[in-house]
Every structure is written in structure tokens, then in C-alpha cells.
Amino acid sequence: MNFVILGKPGAGKGSICEEFKKNNLIHLSTGDIFRREIASQSELGLLANSYIRKGNLVPDEVTNDIIKKILVENPNKDYIFDGYPRTINQAQALKKNMDDLGIELDAVINLIVDDDLVIERLSSRRVCKECGAIYNTRNHNPKVEGVCDKCGGEVITRADDKIEAIKERLNVYNNQTAPLIDYYIKEGLIMNVDGSLDTIDLYQVVMKNLNERKSLSSSNL
Ligand code: ADP
Ligand code: ZN
């Protein structure tokens, strides 16, 4: 099975992916990939950071190439695409690359949340610099302040979780990413879910929906 997780920044894409990982799906987060490149100060990282810190998107060609390379090297895995595609151009590139490799996209999970919740969540979000684990100052602090429970890495506020960058990311989402909802409705792949639910509840709703789709499609054979 291969999925895309779609949603505003702060919709809970990364958190639900943490649950999915338990099912042996490979979590492919372009945001995490860029953050790792930034941390290692690679050329790609420097380029990506010049866009990311302002809340803008990294150019499509750069992002598409990264995903293509991963898929070509490992075409037979089950992927969960988190934060990719984010533009129509990226969705078309993903489709072409998957078609070329004979891989099918099974569903696009669209997490729906309103802007107030996004702002509340992102301004309280903290992440582990090393493993990407997500915390928040409201109800999910690491046991030792500033230290990741999972890997001992440093837990920080992302530069793009500052309020100006959050607002810009919401604009970018509305202008460039929201059109993907119609694109994937036309492909018959969209599954709308309430992103304000707690992660565990959300995961259960998504799994139930996926199982229903699976039994529907097998009964149509
Ligand atoms: P969020 O969904 O919370 O904004 P991500 O970790 O998915 O967080 O992305 C962080 C930033 O990385 C984005 O604001 C953007 O600048 C960049 N980025 C991530 N994925 C993509 C993508 N598919 N295309 C272009 N830029 C991306
Ligand atoms: Zn960690």
C-alpha cells in the first residue's frame, strides 16, 4: 500500500505517520529530508533552508528529483508520502514516476483542520533535531526538558514555527497545495478525515476507512 498524507501545516501529518510506521510503511517526509540536509549543512540543505525559513516551498524540480531517486532505488517498498506532493506539478511528477515503476497510489488521506488550530498547534510544537519525534508544550513534553524520549537528541522549536512563517505557510498551502484536493478527488483517491482528533483516534479512523475501501475494491473484482 502507498499513501499520500495531505493537509495544512500543523494538520497532524507527521504525527499520524509515526503511527503508520508501526505497519512497516516507509515514512517519506520531504520536510524531514530537508531538515536533515540543513542539519548536515549540505549544498541541498543550504538551498532548501533559504526557502524553508521564510515559509516558502523548495522548488519543484529539486523536490521531485529527491523523491524520484528514492523510488527508483527502492521501488518495491510501501511508502507513506508526508508533505509530498505539495503542488500540482509535484503530483504530476509523482504520478509519472510511479507509473514508470509500476507502483500504484492507494489513497490520499486529507486531514482537515481550521487555521486557528494550526496556529495553536504549530506555535506550541517542538521537534527532536535528531529523529524528528514531535512534542508540544501544551500536553506532550519530553520527560526531561529539551531531551528527546526516543533518542536523547535535542528538542527544539523549528525556525518555520515562528508566527510570521506559520502565516506564510498557510498562504502557500491555500494557493499551491489546496488545489491538490480537487486533483485527487478526480483521481478517486481522496479520503477526508477530521484532523482535530487525537492522533490515536485519527489513526483508527484512517485504518477503518482504508479497510473499508480495500473490502469495497475486492468485492468489485
Ligand atoms: P509542515 O507541513 O508542518 O509545513 P513539513 O515538515 O512538511 O512541515 O515542511 C516544512 C517545510 O519544508 C515547508 O514549509 C517547505 O518549505 C518545505 N517542504 C516540505 N515538503 C515540500 C515539498 N513537497 N515541496 C516544497 N517544499 C517542501
Ligand atoms: Zn529523537
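Reference entry: report on the structure contained in this document. Because the structure is predicted, anything quoted here is derived from the model rather than measured. (Residues numbered from 1 in each chain as written. Chains lettered and ligands numbered in written order. Predicted model: local features only at pLDDT ≥ 70, side-chain atom pairs only at ≥ 80, totals over all residues. Heavy atoms only, no water.)

## Some thoughts on the nonpolar core
With 23 residues, the main nonpolar core has Phe3, Ile5, Ile16, Phe20, Ile109 and Leu111 as its most contacted residues. Elements supplying a minimum of two residues to this core: strand 1 (3-7), helix 1 (13-20), strand 4 (107-112), helix 6 (115-123), helix 7 (163-177), strand 8 (190-194) and helix 9 (199-219). At four residues, the largest contribution of residues to this core is made by helix 9. Excluding its chain neighbours within four sequence positions, the residues that come into contact with Ile5 are Lys13, Ile16, Cys17, Phe20, Ile80, Phe81, Asp82, Gly83, Ile109 and Leu111. (Core = buried A, V, L, I, M, F, W, Y, C linked by side-chain atoms within 4.5 Å. Buried < 20%, exposed > 50% of the residue type's maximum accessible area, 1.4 Å probe, protein only. Helix = DSSP H or I, 4+ residues; strand = E, 2+ residues; numbered from the N terminus. Contact = heavy atoms within 4.5 Å.)

## Topic: the coordination of the zinc ion (ligand 2)
Ideal donor angles around a metal are set by the shape: a four-donor tetrahedron calls for 109.5 degrees, a six-donor octahedron for 90 or 180 degrees. All of the protein donors around the zinc ion (ligand 2) are Cys128 (SG), Cys131 (SG), Cys148 (SG) and Cys151 (SG); their distances to the metal are 2.3 to 2.4 Å. For the zinc ion (ligand 2), the four donor atoms in the first shell make angles of 98 to 115 degrees at the metal, so the coordination geometry reads as tetrahedral. Taken in sequence order, the residues that donate to the zinc ion (ligand 2) follow the motif C-x2-C-x16-C-x2-C. For Cys128, a relative accessible area of 3% translates into the label buried. (Donors = N, O, S within 2.8 Å, 3.2 Å for Na, K, Ca; no water. Tetrahedral: all angles 85-135°; square planar, octahedral: opposite > 155°, others 65-115°.)

## Some details on helix 2 (residues 30-39)
Taken together, the buried positions of helix 2 are Thr30, Ile33 and Phe34. The buried residues of helix 2 all sit within an arc of 95 degrees when viewed along its axis, so they share a single face. Away from its buried face, by an angle of more than 90 degrees, helix 2 presents the exposed residues Arg36 and Ala39. Among the structural elements, strand 2 (26-29), helix 3 (43-52), helix 4 (60-73) and strand 3 (79-82) are those in contact with the buried residues of helix 2. Within two residues after helix 2, Gln41 carries a phi angle of roughly 55 degrees, on the positive side. (Arc of directions from axis to C-beta.)

## Here we look at the packing of helix 5 (residues 88-101) against helix 8 (residues 179-186)
Two elements in contact, helix 5 and helix 8, have axes whose closest approach is 9 Å; the angle formed by their N-to-C orientations is 35 degrees. Contact residues: helix 5 offers Ile88, Ala91, Gln92, Leu94 and Lys95, while helix 8 offers Pro179, Leu180, Tyr183 and Tyr184. Here the residues of the contact of helix 5 with helix 8 sort into seven nonpolar, one polar and one charged. (Axes fitted to C-alpha atoms, helices over the stretch in contact; angles between N-to-C directions. Nonpolar A, V, L, I, M, F, W, Y, C, P; charged D, E, K, R; others polar.)

## Here we look at the pattern of salt bridges
Under the defined criterion, the tally for this structure stands at 16 salt bridges. Here Glu19 ties to Lys22 by a salt bridge, and the two come within 3.0 Å at their closest N and O atoms. Taking the relative accessible area as the measure of exposure, Glu19 reaches 13% and is therefore buried. One salt bridge in this structure joins Lys143 and Asp149, with 4.0 Å as the shortest N-O distance. When its relative accessible area of 75% is taken as the criterion, Lys143 is described as exposed. (Salt bridge = Lys/Arg side-chain N within 4 Å of Asp/Glu carboxyl O.)

## Quick look at the side chain of Asp160
Position of Asp160 relative to the elements: it lies in the loop between strand 7 (155-156) and helix 7. Side chain to side chain, Asp160 and Arg158 meet in a polar contact 3.0 Å long. Other than its neighbours up to four places away in sequence, Asp160 contacts Ile52, Ala165, Ile166 and Arg169. (Polar contact = N/O pair within 3.5 Å; in protein donor to acceptor, adjacent residues only side chain to side chain.)

## Concerning the site of ligand 1
Taken together, 20 residues surround ligand 1, and among them Lys13, Thr30, Arg35, Asn56 and Arg169 come closest. In this structure, an oxygen atom belonging to ligand 1 sits 2.8 Å away from a side-chain N or O atom of Lys13. Bound to the protein, ligand 1 loses 97% of the 540 Å² it would expose on its own. Here the element with the most residues in the shell around ligand 1 is helix 2; it accounts for four residues. A class-by-class count of the residues in the shell around ligand 1 yields six nonpolar, seven polar and seven charged. (Near = heavy atom within 4 Å. Areas by Shrake-Rupley, 256 points an atom, 1.4 Å probe, with all protein chains shown as cover.)

## Structural notes on the pairing of strand 5 (residues 125-128)
Along any regular strand, the residues point their side chains to alternate faces of the sheet. One ladder, built from three bridges, connects strand 5 with strand 6 (residues 134-136); its direction is antiparallel. Looking at strand 6, one finds that Val127 is bridged to Ile134. Counting the residues that bridge the hairpin from strand 5 to strand 6 gives five residues, and of these Gly132 lies at a positive phi of roughly 80 degrees. (Pairing = 2+ DSSP bridges.)

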